[in-house]
Amino acid sequence: RLCGYPMEIQEERLPVYAECEARGMEYRANLPVPPDIERAAADWRLLVQIDSDSDLKMNWGDGGQFYVLIREQDARARDFSQTVTLSQTY
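Visitor: Describe in detail the packing of aromatic side chains, supporting the description with residues and values.
Guide: Aromatic ring pairs are defined here through the distance separating the ring centres and the angle between the ring planes. Within the structure shown, the criterion is met by 2 aromatic pairs. Measuring from centroid to centroid gives 5.1 Å for Y17 and Y27, while their planes differ by 25 degrees, and the two rings are stacked. Here Y17 is found in helix α1 (residues 14-22), whereas its partner Y27 is found in the loop between α1 and α2 (35-41), with 10 residues between them in sequence. Classification of Y27 by relative accessible area gives buried; the value is 14%.

Take a look at the structure:
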């Protein structure tokens, strides 16, 4: 999957997770999100989603997925140095 919307395995709100990762913070799905992080998370977009594929012998955990997210302004500038890679498993 390229661009568009991620097919999340767990409903963790990947853009919020990406913003926390970019700030060096730990994201916890069960805690309230501070307003500044919520606002900044709106800038994150899915760049690519890579699913497990047994035919290609790619298995992320237990059939999980990798997600690469990028801020919209970085994508427009073609600056891929600040992407965030996240994974989810079942």
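From this point, the discussion proceeds with the structure in view.
Visitor: Any details on unusual backbone geometry? Residues and values, ideally.
Guide: With phi around 60 degrees, K57 is a residue other than glycine that occupies positive phi space. As for its placement among the helices and strands, K57 is situated in the loop between β1 (44-51) and β2 (65-71). One non-glycine residue, R78, lies in the positive phi region at around 60 degrees. Among the secondary structure elements, R78 is positioned in the loop between α3 (72-76) and β3 (84-88). Given a relative accessible area of 67%, R78 falls into the exposed group.

Basis of the calculations
- Residues numbered from 1 in each chain as written.
- Predicted model: local features only at pLDDT ≥ 70, side-chain atom pairs only at ≥ 80, totals over all residues.
- Heavy atoms only, no water.
- Phe/Tyr/Trp six-rings, centres within 6.5 Å; stacked < 30°, edge-to-face > 60°.
- Helix = DSSP H or I, 4+ residues; strand = E, 2+ residues; numbered from the N terminus.
- Buried < 20%, exposed > 50% of the residue type's maximum accessible area, 1.4 Å probe, protein only.

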